Amino acid sequence: MYDVIFLGGGPGGYVGAIHAAQKGLHVTLIEGDHVGGTCLNKGCIPTKSLVAGTHFLRQARNAADLGIEISGRCEASWSKMIHRKDLIVAHLRSGVEALLNANKVSLIRGRGALRGPGLIEVHATDGATQFVEGRHTVIATGSRAFRPPIPGIDSPRVLTSDEILSLRTKPSSVVIIGGGAIGIEFASILSALDVTVTVIEALSSILAQADREVSMRLTTHLKRDGVTIRTGTHVHDIQSSPHGLKVLGATDSEKVEIEAEYALVSAGRIPNLQGVNPDQLGLVLDGQAIRVDPYQRTSVPGLYAAGDVTGGQQLANIASAQAILSVDTIVGAPRKPFDPALIPSCVF
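Residues numbered from 1 in each chain as written. Predicted model: local features only at pLDDT ≥ 70, side-chain atom pairs only at ≥ 80, totals over all residues. Heavy atoms only, no water.

**Considerations on the sheet that holds strand β14 (residues 255-260)**
Two strands in a sheet stick together by hydrogen bonds in their backbones, pointing the same way (parallel) or opposite ways (antiparallel).
Next up, step 1: Here we have three strands laid out as an open sheet, ordered β12-β13-β14, and antiparallel in their pairing. Of all the strands in the sheet, just β12 (234-241) and β14 have a single pairing partner and so form its edges. For this sheet, the mean angle separating the axes of adjacent strands, direction not counted, is 20°.
Next up, step 2: In this sheet, strand β13 (residues 244-250) lies alongside β12 in antiparallel orientation, the contact comprising seven bridges. Residue pairing across strands places S240 opposite L245, the latter belonging to β13. (Pairing = 2+ DSSP bridges. Helix = DSSP H or I, 4+ residues; strand = E, 2+ residues; numbered from the N terminus. Axes fitted to C-alpha atoms, helices over the stretch in contact; angles between N-to-C directions.)

Shown next as structure tokens:
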């Protein structure tokens, strides 16, 4: 029997597991996909790789402003940028696995399902099933991209931030549904690569949760880069078209119809409760998130939760801090309660 089981190998899972092992606990980590979670594999790290490339591209194209002449137009290779992104992700992922191994954390690869506070049924990729028992369990299952209930949203040409990072061919045009941090980051990346980009946002401005000055300045910069921004616009249908897709929407005064090769749904992320079985366990939820106390304890003794699955800001550093707090609570040495007001946020 393990002292602590971590369900999920993202920043909440692997950081917490390493911390627990360093506290002398017998620890296992269960992950059905790659360790590192959304941040490393499908979020922060991959997009920052592309941001770095497009930043350099913009600098090169504007080098004449600094008195540097570059003959011809600088062009980017989408396939090479994606390949570089894949190499960076693989390198960092192997680093995480090495840290787990060095700290003697047992890594179990398979889909875990909670059957009780200290009992997890694991279905391995080879079809084998095993049961893992522990005195304490930390749920760190993260989040998943939200697809709003719009007709046509399940079209294979409607991508989330997960899928667009796996495209092997650069899209010619993309409609981004949602003007939050993720959508605007992709708008910046794609427009630098000469992709025709339209952002559709239901609210009156993009980045509605940021300072108004930030929203206004970014709107100006994006439009200067050729991005079309339609605020106050609600999408009500997505249809196939000869060009790929036709996105239909409306403002208070007019109908909107935009054609593009792909649509990117950037409507936020929701807690991933797959395998958690909250009703069966009697877990109290706040909406779709697991309710925790200031020390990451759930309503069920022996069960803790950390990261996106608890709601609030969805950031890797929050997940790691909450996982560490969970472990310290387990060993009887809790730190000060987690305070979300102390966490900064940023947009690239």
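**Points about helix α6 (residues 181-192)**
Next up, step 1: An ideal rise of 1.5 Å per residue puts 16 Å on 12 residues; α6 measures up with 17 Å between its terminal C-alpha atoms.
Next up, step 2: Counting buried positions along α6 yields 10 of 12 residues, so the element is predominantly enclosed.
Next up, step 3: Taken together, the buried positions of α6 are occupied by G183, I184, E185, F186, A187, S188, I189, L190, S191 and A192.
Next up, step 4: Where α6 terminates, the next one or two residues include D194, which has phi positive at roughly 70°. (Expected span 1.5 Å × (residues − 1). Buried < 20%, exposed > 50% of the residue type's maximum accessible area, 1.4 Å probe, protein only.)

**Some remarks on the packing of helix α1 (residues 11-22) against helix α4 (residues 78-102)**
Next up, step 1: Taken N-terminus to C-terminus, the directions of α1 and α4 make an angle of 25°; their axes are 9 Å apart at the nearest point. Taken together, the axis directions place α1 and α4 in an arrangement best described as roughly parallel. Crossing hand, α1 versus α4: left-handed. Side by side, α1 and α4 meet where Y14, A17 and I18 of the first sit next to V96, L99 and L100 of the second.
Next up, step 2: Here the residues of the contact of α1 with α4 sort into six nonpolar, no polar and no charged. (Parallel < 35°, antiparallel > 145°, perpendicular 65-115°, else oblique. Left-handed = near helix turned anticlockwise from the far one by under 90°. Contact = heavy atoms within 4.5 Å. Nonpolar A, V, L, I, M, F, W, Y, C, P; charged D, E, K, R; others polar.)

**Some remarks on the nonpolar core**
Next up, step 1: Ranked by size, the top nonpolar core spans 30 residues in total, and within it I164, I176, V197 and V199 carry the most contacts.
Next up, step 2: Those elements giving two or more residues to this core turn out to be α3 (44-61), α4, β9 (173-177), α6, β10 (196-200) and β15 (262-265).
Next up, step 3: It is α6 that contributes the most residues to this core, five residues altogether.
Next up, step 4: Not counting the four nearest positions on each side in its chain, V199 is found in contact with I176, G178, G179, I184, A187, I206, V227, T228, I229 and R230.
Next up, step 5: Judged by nonpolar contacts, the second largest core, of 21 residues, contains A17, A20, V105 and I330. (Core = buried A, V, L, I, M, F, W, Y, C linked by side-chain atoms within 4.5 Å.)

**So, the environment of L92**
Next up, step 1: The topology assignment puts L92 in helix α4.
Next up, step 2: Look at L92 and you get partly exposed, because its relative accessible area is 35%.
Next up, step 3: A C-alpha to C-alpha distance of 9.3 Å links L92 and N41, two positions 51 residues apart in sequence.
Next up, step 4: If sequence neighbours within four positions are ignored, L92 has contacts with L40 and I45.

**Side note on unusual backbone geometry**
Next up, step 1: Unlike most non-glycine residues, N277 shows phi in positive territory, near 55°.
Next up, step 2: By the secondary structure assignment, N277 is in the loop between β16 (269-271) and α8 (278-281).
Next up, step 3: Positive phi, normally seen in glycine, also occurs at Q296, with a value near 70°.
Next up, step 4: Tracing the chain through its elements places Q296 in the loop between β18 (289-290) and β19 (303-305).
Next up, step 5: The exposure class assigned to Q296 is buried, which follows from its relative accessible area of 2%.

**Section: the side chain of S205**
Next up, step 1: Relative to the assigned elements, S205 resides in the loop between β10 and α7 (212-224).
Next up, step 2: Assessed through its relative accessible area of 18%, S205 is described here as buried.

**Let's talk about α7**
Next up, step 1: The terminal C-alpha atoms of α7 lie 18 Å apart, and with 13 residues this matches the ideal 18 Å at 1.5 Å per residue to within 8%.
Next up, step 2: If you check which residues of α7 are buried, you get S215, T219 and L222. End-on, the buried residues of α7 take up no more than an arc of 75°, which puts them together on one face. Exposed residues lying more than 90 degrees from the buried face of α7 are E213, R217, T220 and R224.
Next up, step 3: Just downstream of α7 lies G226, where phi reads positive at about 95°. (Arc of directions from axis to C-beta.)

**Quick look at a nonpolar patch on the surface**
Next up, step 1: A surface patch of nonpolar side chains, amounting to about 310 Å² of accessible area, comprises L66, I68 and I70.
Next up, step 2: With respect to the helices, strands and loops of the structure, I68 is situated in the loop between α3 and α4.
Next up, step 3: Residue class for I68 comes out partly exposed when judged on its relative accessible area of 45%. (Patch = residues over 30% accessible without salt bridge, like charges linked within 9 Å, V, L, I, M, F, W, Y side chains within 5 Å. Areas by Shrake-Rupley, 256 points an atom, 1.4 Å probe, with all protein chains shown as cover. Salt bridge = Lys/Arg side-chain N within 4 Å of Asp/Glu carboxyl O.)

**A look at the packing of aromatic side chains**
Next up, step 1: Inspection of every chain in the model, using the stated rule, returns zero aromatic pairs.
Next up, step 2: Geometry around Y262 places R157 over its ring, the cationic atom sitting 5.1 Å from the centre. (Phe/Tyr/Trp six-rings, centres within 6.5 Å; stacked < 30°, edge-to-face > 60°. Lys NZ or Arg CZ within 6 Å of the ring centre and 35° of its normal.)

**Comments concerning the pairing of strand β4 (residues 111-116)**
Next up, step 1: Across five bridges, the pairing between β4 and strand β5 (residues 119-123) is antiparallel. Across the sheet, R111 pairs through a bridge with H123, a residue of β5.
Next up, step 2: Between β4 and β5, which pair antiparallel one after the other, the connecting turn spans two residues.

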